[in-house]
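Read off the chains here:
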Amino acid sequence: MARTFLLWFLFLGVACGGRTINGANNHYLKDIRRLQAFKASLTARHGSVAASFSSSFVAPSPLLTDEVGNNPRVYHVTSYGADPTGNSDSTEALIAAIADAAAKAPSQGQLMQGITDLGGAHIDLEGGNYLISRPLRFPVAGVGNLMIHGGTIRASKNFPEDGYIIDLSSTSSSSSSSNNNNYQNRGANSESSHSSPYNFEYISFKDLLLDSNFRGGGISVINSLRTSIDNCYITHFTTNGILVQSGHETYIRNTFLGQHVTAGGDKNEKNFSGTGISLLGNDNAVTDVVIFSAAVGIMVTGQANTFSGVHCYNKATGFGGTGIYLRLPGLTQTRIVNSYMDYTSIVAEDPVQLHVSSSFFLGDANIVLKSVNGVVNGISIVDNMFSGSGSGVEIVQLDQSSRSFKQIDQAIVDRNIVRGMNLKATVAKMSIQGNGTLWNIDFNSVLLFPNLIRNVQYSVSSNGGTFPNHALRDVSENKVVIETSEAVNANVFVTVDQSMVYY
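Residues numbered from 1 in each chain as written. Predicted model: local features only at pLDDT ≥ 70, side-chain atom pairs only at ≥ 80, totals over all residues. Heavy atoms only, no water.

**A few points about the pattern of salt bridges**
Opposite charge on two side chains makes pairing possible when the charged atoms of those side chains draw close. Enumeration according to the criterion identifies nine salt bridges in this entry. Notably, a salt bridge pairs Arg137 with Asp167, separated by 3.0 Å at the nearest N-O pair. Of this pair, Arg137 sits in strand 4 (residues 136-137) while Asp167 is found in strand 6 (residues 164-168), placing the two residues 30 residues apart along the sequence. Across the pair, exposure class does not vary: Arg137 and Asp167 are buried alike. Across the pair Arg154 and Asp211 runs a salt bridge, and its minimum N-O distance is 2.8 Å. (Salt bridge = Lys/Arg side-chain N within 4 Å of Asp/Glu carboxyl O. Helix = DSSP H or I, 4+ residues; strand = E, 2+ residues; numbered from the N terminus. Buried < 20%, exposed > 50% of the residue type's maximum accessible area, 1.4 Å probe, protein only.)

**What to know about the nonpolar core**
Across soluble globular proteins, you tend to see nonpolar side chains buried next to one another. Phe138 and Ile277 are the most contacted members of the largest nonpolar core, which has 85 residues in total. Among the elements that line this core, the one with the most residues is helix 5 (residues 91-103), at eight residues. By size, the runner-up hydrophobic cluster in this structure holds 15 residues, among which are Trp439, Ile441, Val480 and Ile482. (Core = buried A, V, L, I, M, F, W, Y, C linked by side-chain atoms within 4.5 Å.)

**Notes on the environment of Leu168**
Tracing the backbone shows Leu168 in strand 6. Owing to a relative accessible area of 0%, Leu168 belongs among the buried residues under this scheme. Remark: the alpha-carbon pair of Leu168 and Ala141, spanning 27 residues in sequence, is separated by 8.9 Å. Not counting the four nearest positions on each side in its chain, Leu168 is found in contact with Phe138, Phe200, Ile203, Phe205, Ser220, Val221, Ile222, Ser224 and Thr227. (Contact = heavy atoms within 4.5 Å.)

**Observations concerning the sheet that holds strand 27 (residues 396-399)**
If you walk across this open sheet you meet the ten strands as 4-6-8-11-13-15-18-21-24-27, and the pairing is parallel. Looking along the sheet, the strands with just one partner apiece sit at the ends: strand 4 and strand 27. As paired strands, strand 21 (residues 346-349) and strand 24 (residues 367-370) are joined by four bridges and run parallel to one another. Pairing of Glu349 across the sheet is with Lys370, part of strand 24. (Pairing = 2+ DSSP bridges.)

**Observations concerning the pairing of strand 14 (residues 285-293)**
For strand 14, a buried count of seven out of nine residues is recorded, marking the element as mostly surrounded by other parts of the structure. Relative to strand 14, strand 12 (residues 251-258) runs parallel, the two being bridged by seven bridges. Of the residues in strand 14, the one forming a bridge with Gly258 is Ser293. Both strand 14 and strand 16 (residues 305-308) contribute to a ladder of three bridges, which runs parallel. The residue of strand 16 that forms the bridge with Ala285 is Thr306. Bridge count for strand 14 against strand 17 (residues 311-312) is two bridges, and the pairing is parallel. By the bridge assignment, Val290 is partnered in strand 17 with His311.

**Considering the pairing of strand 8 (residues 217-222)**
Among the six residues in strand 8, six count as buried, and that is most of the element. In terms of strand pairing, strand 6 meets strand 8 through four bridges, oriented parallel. Within the sheet, the bridge partner assigned to Ile166 lies in strand 8 and is Ile219. Pairing of strand 8 with strand 11 (residues 240-248) involves four bridges; the strand directions are parallel. Paired with Ile222 across the bridge in strand 11 is Gln245.

**Overview of the side chain of Asn416**
Tracing the backbone shows Asn416 in the loop between strand 28 (407-414) and strand 29 (417-419). Using a relative accessible area of 12% as the deciding quantity, one classes Asn416 as buried. A distance of 3.2 Å separates the side chain of Asn416 from the backbone oxygen of Ile381, its partner in a polar contact. A polar contact is formed between the side chain of Asn416 and the backbone nitrogen of Asp383, at a distance of 3.3 Å. With residues up to four places along the chain from it excluded, the contact list for Asn416 reads Ile381, Val382, Asp383, Asn384, Phe386, Ile395 and Leu423. (Polar contact = N/O pair within 3.5 Å; in protein donor to acceptor, adjacent residues only side chain to side chain.)

**A few points about the packing of aromatic side chains**
Within the structure shown, the criterion is met by five aromatic pairs. Geometrically, the ring pair formed by Phe138 and Phe200 is tilted, given 5.1 Å between the ring centres and 55 degrees between the ring planes. Residue Phe138 is found in the loop between strand 4 and strand 5 (143-155), and its partner Phe200 is found in strand 7 (residues 200-211); the two are separated by 62 residues along the sequence. Summarising the burial analysis for this pair, Phe138 and Phe200 share the class buried. Relative to Phe360, the ring of Tyr340 lies with its centre 5.4 Å away and its plane at 25 degrees, an arrangement referred to as stacked. Taken together, the positions of Tyr340 in strand 20 (residues 340-342) and Phe360 in strand 23 (residues 360-362) put the pair 20 residues apart, joining distant regions of the chain. Look at Phe360 and you get partly exposed, because its relative accessible area is 27%. Taken together, the ring pairs in this structure connect Tyr233, Phe256 and Phe292 into an aromatic cluster. Across the ring face of Tyr325, the terminal group of Arg327 is positioned such that the distance to the ring centre comes to 4.6 Å. (Phe/Tyr/Trp six-rings, centres within 6.5 Å; stacked < 30°, edge-to-face > 60°. Lys NZ or Arg CZ within 6 Å of the ring centre and 35° of its normal.)

**A few points about the confidence of the model for the chain**
In this model, the chain carries an average pLDDT of 85, and 80% of its residues clear a pLDDT of 70 or more. Ignoring residues within four places in sequence, the model shows residues 42-61, a span with pLDDT below 50, making 20 contacts including any to other chains. Per-residue pLDDT stays below 50 along residues 172-192; that stretch engages in 45 contacts with residues further than four places along the chain or on separate chains. (pLDDT = per-residue confidence, 0-100.)

**What to know about helix 5**
Between the first and last C-alpha of helix 5 there are 18 Å, a value that for 13 residues agrees with the 18 Å anticipated at 1.5 Å per step. Counting buried residues in helix 5 gives twelve out of 13 residues, a clear majority hidden from the surface. Three or more residues of helix 5 are buried, namely Thr91, Ala93, Leu94, Ile95, Ala96, Ala97, Ile98, Ala99, Asp100, Ala101, Ala102 and Ala103. (Expected span 1.5 Å × (residues − 1).)

Spelled out as structure tokens, the structure:
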């Protein structure tokens, strides 16, 4: 034990000798963190000795450490006592670091009215693995321009089952610990002075692994503006990997989500539950995101959201799963492009202004238009690839189990490439060749909507020297009848369109 004390003091002298707090001392921060890491290792190996020593050692103020010289506002969580090994609970330390960053950092002005600019403060997890027993919340609302990054956070077995590892909401102070209560009334950042219609602005979460330990969700963003979730891995959630409610412009990029860690073909896939991403707000974007296990990949109940480069193989539609569910009957306003629906379908309730293009559907994955009030208006499903098992699944399917679609306008399903599935479209072309006076062309196998042809174009090319008169005699039940004035050997070409509406 004497050797432990000797080694500690020797290390202290070497690391800190000749250094002062008021100089050009960028090395000072590194030295302090090295001392704290060394102290933690002594605590682990010699619990009683290290504990008695630490009682007489006063660690430097974490905030003072970050204010040295011209260093940026970086709040290192180990400076607050967080355990980067994940062996002990780090909830209080992480909350203290968040509280200092949110309430102590000097204001750099304002972003949106009522949102204090924290000047780009960083909460650095230093590549550690931290265990927490309750959600990490900001002690105050009305702040912005802050990042949490660079580590792993795992929920303990005592974590609340309805909580989120990171909870970006305005109600945090009411349920916070004593540490949070110490900060909630400080300066211009306090709840009482928060006058913005949004809780937070420009909060970033980057390079994080969040493990919910099958107790709740990953990240909750409530009524916030311009939130960024970038390069995160969120797993073992039971509710939502990411929940976005109200607010505007949450951007989720380069992120992986899955209830279970798998790469497809999981024997328990039928039992997957939870939702990868729930978007209950408007004007958000999900880009280059993989959802590899959940009952629903993305649930959308807000308008004007964009999805690009999304790969859903969460739970096969054959097992009851859904890739992207658009639960916005009557005003969808959603764009899905360059995405990969891997055995998982897209479901859209009463779609109004829906665009799906340049995407790949594998394993009988398709697009289901589900009637709630019987409305389809302004949809464009074009230039996609569909690949199936040859079992007769339609690439676009109508779910009219509740009621039939009656209000159909500006619906375009066209130019899709199909293999092993049944082609469905709103534009169809056929030709027929024969000898007679009546030419019957049935488009039911191709046309998406039953008994709906709004435009017909046809031509008759006869063989021989006769030029018979001809006319369009009937258009009903998605069938077209052409009649000639006399029997003739001819080719008849017909194009029909369900989408064109002329006013």
